[in-house]
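Read off the chains here:
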Amino acid sequence: MSSRPAPFDALDRKIVTALMANARTSFAEIGAEIGLSATAVKRRVDRLRDTGVITGFTATVRPSALGWRTEAYVEVYCEGAAPPRRLAEVVRAYPEIAAAMTVTGGADALLHVRARDVDHFEEVLERIRAEPFIRKTISVMVLTHLIPDSPEAGVSQPAPERAPDVR
């Protein structure tokens, strides 16, 4: 197996751009736009998937349609040095966490949290704060998405029926 990256040319870039704009665009439509046959586009898409350039196809859904009406970003500050692997294990246990990443600066991690309402968000925050290595959190509630078509504005899973009772 070669350690060299797979070739990625201007046609690949056009294919990826078209799929990012609308993943349901047919190979024939993309091919007509960029001057390739549908078969040639399919071969390139298959190669881009095999090499990890394209990692999947998703639907973007209005969060409120799925029950997520409250959204926040939560800075997480840990006791000592919490390894990213341990943080990843914890955040996977929360269906309300839409995204999580380690960050530079004062905080150790940043969580993108979606909840049904403010009460549900408070329950999630209490559960996060109860993790043994969490020292503190700072939350910022989202009011409006200024770029409504951004991936952060959409969701990939419905809100849970009921949040666990932590009281």
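What you are looking at is a predicted structure, and each value in this text was computed from that prediction instead of being measured.

The rules behind the values
- Residues numbered from 1 in each chain as written.
- Predicted model: local features only at pLDDT ≥ 70, side-chain atom pairs only at ≥ 80, totals over all residues.
- Heavy atoms only, no water.
- Salt bridge = Lys/Arg side-chain N within 4 Å of Asp/Glu carboxyl O.
- Helix = DSSP H or I, 4+ residues; strand = E, 2+ residues; numbered from the N terminus.
- Buried < 20%, exposed > 50% of the residue type's maximum accessible area, 1.4 Å probe, protein only.
- 1 Å grid on protein atoms, 1.4 Å probe; cavity = no way out; pocket = protein on both sides within 12 Å on 5 of 7 lines; lining within 4 Å.
- Points joined across faces, edges and corners; volume = space filled by probe spheres on them.
- Nonpolar A, V, L, I, M, F, W, Y, C, P; charged D, E, K, R; others polar.

## Some thoughts on the pattern of salt bridges
(1) Moving on: Enumeration according to the criterion identifies seven salt bridges in this entry.
(2) Moving on: For D12, the salt bridge is made with R47, and the minimal N-O distance between the two is 2.8 Å. One end of the pair, D12, is in helix α1 (residues 10-21); the other, R47, is in helix α3 (residues 38-50), with 35 residues separating them in the sequence.
(3) Moving on: Looking at D12, the relative accessible area reads 1%, which means it is buried.
(4) Moving on: Overall, the relative accessible area of 25% leaves R47 in the partly exposed class.
(5) Moving on: For K42, the salt bridge identified is with D46, shortest N-O distance 2.5 Å.

## Digging into empty space enclosed by the protein
(1) Moving on: This model, assessed by the stated rule, comprises one cavity of 30 Å³ or more.
(2) Moving on: Lining the largest cavity are V76, L87, V90, V91, Y94, I97, A109, L111, I128 and I134.
(3) Moving on: Among the elements that make up the lining of the largest cavity, the one with the highest residue count is helix α4 (residues 84-91) (three residues).
(4) Moving on: Its residues assigned to classes, the lining of the largest cavity shows 10 nonpolar, no polar and no charged.

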